[in-house]
Amino acid sequence: MTDCDEIPADHPRHDSLVTRHRIEAGVDAGITSRQGLIAQGRGEAFDYLLGEETIPSADRAARAAAATLLAAEHPVLSVNGNVAALVPEAMVQLAETVDADLEVNLFNRTEKRMAAIESHLEDHGAREVKGRNADARIPGLSHERAKVDADGIKAADVVLVPLEDGDRAQALSEMGKTEIVIDLNPLSRSAQVAAIPIIDNILRAVPRITDHARDLAKAGPEAIEQARTDFDAAEALDAAEARIRDGL
Ligand code: PTJ
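All figures in this text were calculated on a predicted structure; none of them were measured in a lab.

Cut-offs used in this document
Residues numbered from 1 in each chain as written. Predicted model: local features only at pLDDT ≥ 70, side-chain atom pairs only at ≥ 80, totals over all residues. Heavy atoms only, no water. Near = heavy atom within 4 Å. Polar contact = N/O pair within 3.5 Å; in protein donor to acceptor, adjacent residues only side chain to side chain. Areas by Shrake-Rupley, 256 points an atom, 1.4 Å probe, with all protein chains shown as cover. Helix = DSSP H or I, 4+ residues; strand = E, 2+ residues; numbered from the N terminus. Nonpolar A, V, L, I, M, F, W, Y, C, P; charged D, E, K, R; others polar. Axes fitted to C-alpha atoms, helices over the stretch in contact; angles between N-to-C directions. Parallel < 35°, antiparallel > 145°, perpendicular 65-115°, else oblique. Left-handed = near helix turned anticlockwise from the far one by under 90°. Contact = heavy atoms within 4.5 Å. Expected span 1.5 Å × (residues − 1). Buried < 20%, exposed > 50% of the residue type's maximum accessible area, 1.4 Å probe, protein only. Arc of directions from axis to C-beta. Pairing = 2+ DSSP bridges. Salt bridge = Lys/Arg side-chain N within 4 Å of Asp/Glu carboxyl O.

Q: Where do I start with the site of the ligand in this structure?
A: Taken together, 25 residues sit near the ligand, with Gly81, Phe107, Asn108, Arg113 and Asp183 positioned nearest. A distance of 2.8 Å is found between an oxygen atom of the ligand and a side-chain nitrogen or oxygen belonging to Asp183. Measuring from a nitrogen atom of the ligand, one finds a backbone N or O atom of Leu184 at 3.2 Å. Here the ligand loses 94% of its free accessible area of 740 Å² to cover by the protein chains. Residue assignment for the shell around the ligand shows that the elements contributing at least two residues are α2 (34-50) and α4 (81-86). With seven residues, the single largest contributor to the shell around the ligand is α2. Here the residues of the shell around the ligand are counted per class, giving eight nonpolar, 11 polar and six charged.

Q: Sorry, what's going on with the packing of helix α3 (residues 56-71) against helix α11 (residues 221-229) here?
A: For any two helices packed against each other, the geometry is given by the interaxial angle and the distance between the axes. Packing of α3 against α11 brings their axes to within 8 Å, and their N-to-C directions diverge by 125°. Classified by the angle their axes make, α3 and α11 are oblique. Once α3 is placed against α11, the crossing between them reads as left-handed. Facing α3, whose interface residues are Arg63, Ala64, Ala67, Thr68, Leu70 and Ala71, α11 presents Ile224, Ala227 and Arg228.

Q: What should I look at first to understand unusual backbone geometry in this one?
A: Comment: phi is negative for the bulk of residues other than glycine, and the bulk of peptide bonds are trans. Backbone geometry places Asp99, a non-glycine residue, at a positive phi of 60°. Mapped onto the fold, Asp99 is located in the loop between α5 (88-98) and β2 (101-104). The phi torsion at Ala134 lies on the positive side, around 50°, for a residue other than glycine. Structurally, Ala134 can be placed in the loop between β3 (129-130) and β4 (136-137).

Q: I tried to follow α2 on my own but got confused; where do I start?
A: Since the α-helix turns once every 3.6 residues, residues separated by three or four places project in the same direction. End to end, α2 covers 25 Å across 17 residues, agreeing with the expected 24 Å (1.5 Å per residue, within 8%). The set of residues buried in α2 consists of Gly36, Gln40, Gly43, Glu44, Asp47 and Leu50. Buried residues of α2 fall within an arc of 115° about the axis and therefore sit on the same side. Exposed residues on α2 whose side chains face more than 90 degrees from its buried face are Arg34, Ile38, Arg42 and Tyr48. The inward-facing, buried residues of α2 contact α1 (14-28), α4, α10 (202-219) and α12 (233-246). Trailing α2 by a residue or two, Gly51 shows a phi angle of about 90°, which is positive.

Q: How should the sheet that holds strand β1 (residues 75-79) be read in this particular structure?
A: Consider a sheet: its strands pair through backbone hydrogen bonds, and that pairing is either parallel or antiparallel. Read from one edge of the open sheet, six strands run β3-β2-β1-β6-β7-β8, paired in parallel fashion. The open sheet has two edge strands with one neighbour each: β3 and β8 (196-198). Both strand β6 (residues 158-162) and strand β7 (residues 178-182) contribute to a ladder of five bridges, which runs parallel. Bridging across to β7, Val161 finds its partner in Val181. Sheet strands touched by α10: β6, β7 and β8. Its angle to β7, the strand with the most contacts, is close to 135°.

Q: Hey, could you run me through the packing of α5 against α10 in this one?
A: Axis separation between α5 and α10 bottoms out at 9 Å; the angle between their running directions is 20°. Between α5 and α10, the crossing angle belongs to the class labelled roughly parallel. By crossing handedness, the relation of α5 to α10 is classed as left-handed. On the side of α5, the interface is formed by Ala90, Met91, Gln93, Leu94, Thr97 and Val98, while α10 contributes Val206, Pro207, Ile209, Thr210, Ala213 and Arg214. Taken together, the residues of the contact of α5 with α10 break down into eight nonpolar, three polar and one charged.

Q: Can you walk me through the pattern of salt bridges in this structure?
A: Note on pairing: side chains with opposite charge can pair once their charged atoms come close. Scanning the entire structure with this criterion turns up 19 salt bridges. With a closest N to O distance of 3.2 Å, Glu235 and Arg60 form a salt bridge. Here Arg60 lies in helix α3 and Glu235 lies in helix α12, a separation of 175 residues in the sequence. Of the charged contacts, one joins Lys130 and Asp151 as a salt bridge, the two residues approaching to 3.9 Å between their closest N and O atoms. In this pair, Lys130 sits in strand β3 while Asp151 sits in the loop between β5 (147-148) and β6, placing the two residues 21 residues apart along the sequence.

Q: For this particular structure, what's the right way to read the side chain of Asn105?
A: Looking at the element boundaries, Asn105 is found in the loop between β2 and α6 (111-123). Taking relative accessible area as the criterion, Asn105 reaches 2% and is therefore assigned buried. Within the structure, Asn105 has its side chain in polar contact with the side chain of Arg168 (distance 2.9 Å). Each residue touching Asn105, except ones within four places of it in the same chain, is listed here: Ser78, Val79, Asn80, Arg145, Lys147, Val148, Ile153, Glu164 and Arg168.

Function cannot be inferred from these measures alone, as they are strictly geometric.
Structure representation (structure tokens):
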């Protein structure tokens with residue numbers, strides 16, 4: 001297996017190869033599910049069609065997400081096996097920047113994977129990782145996928161759910177959470193139900209949200225309010241679809 005560090009930065013497929021390597025390593029470490037490999041392949045196809053870059057509407061979405069997280073009472077960043085493998089450090093930095101909780105929430109939940117992801121996040125600087133208490137449930141979902149912490153996702157007003165399956169994204173939005181979704185597919189149900197869909201690769205999106213949050217925190221409450229109200233979710237989804245279908 002090629003080590004990430006051995007891929008030259010100017011390789012035309014650099015980001016894609018780094019991503020694949022991280023997902024493979026995540027599976028080997030018991031963090032990422034084997035289904036995560038398939039999810040990654042789906043994402044990669046959309047990223048290719050998007051031009052493997054952050055399109056302007058995705059940047060506006062990242063700014064709106066940053067503003068929404070800063071303005072939240074109790075923001076929570078949900079982490080699954082792909083997220084943990086791809087952007088552990090960036091998620092910890094974002095959580096610190098916007099003062100959010102990190103909570104592990106898995107589609108294919110096992111205690112072993114929960115523990116492996118928790119310690120992986122701690123190795124990347126997380127001070128507290130929620131998810132293993134599982135003392136609350138998301139209504140309307142089958143057992144394992146519904147498990148959340150009462151003082152985490154259950155109590156959150158804003159939840160960031162990257163690379164999520166559509167059912168749970170919909171159930172969270174039905175619970176009245178303001179949902180920020182990162183997903184490369186603008187037609188996925190998760191992106192469609194999100195208050196703020198960020199149609200971008202998580203590798204680019206998470207550091208970008210953090211950068212915007214740092215800027216907005218300096219700029220103050222008016223700038224935060226404006227970034228929230230200026231954002232139009234339908235326009236962001238349409239712009240991403242137009243880029244994918246027509247290269248516009
Ligand atoms: O770790 P678990 O058990 O919680 O499982 C996580 C996966 C991702 C396997 C599970 O939630 C799943 O099966 O998800 P789906 O239904 O395949 O959806 C994943 C979505 O993420 C798809 O719409 C992909 O296009 C998108 N995606 C994949 N890789 C990326 C991505 N979006 C942004 N950045 C990526 N790198």
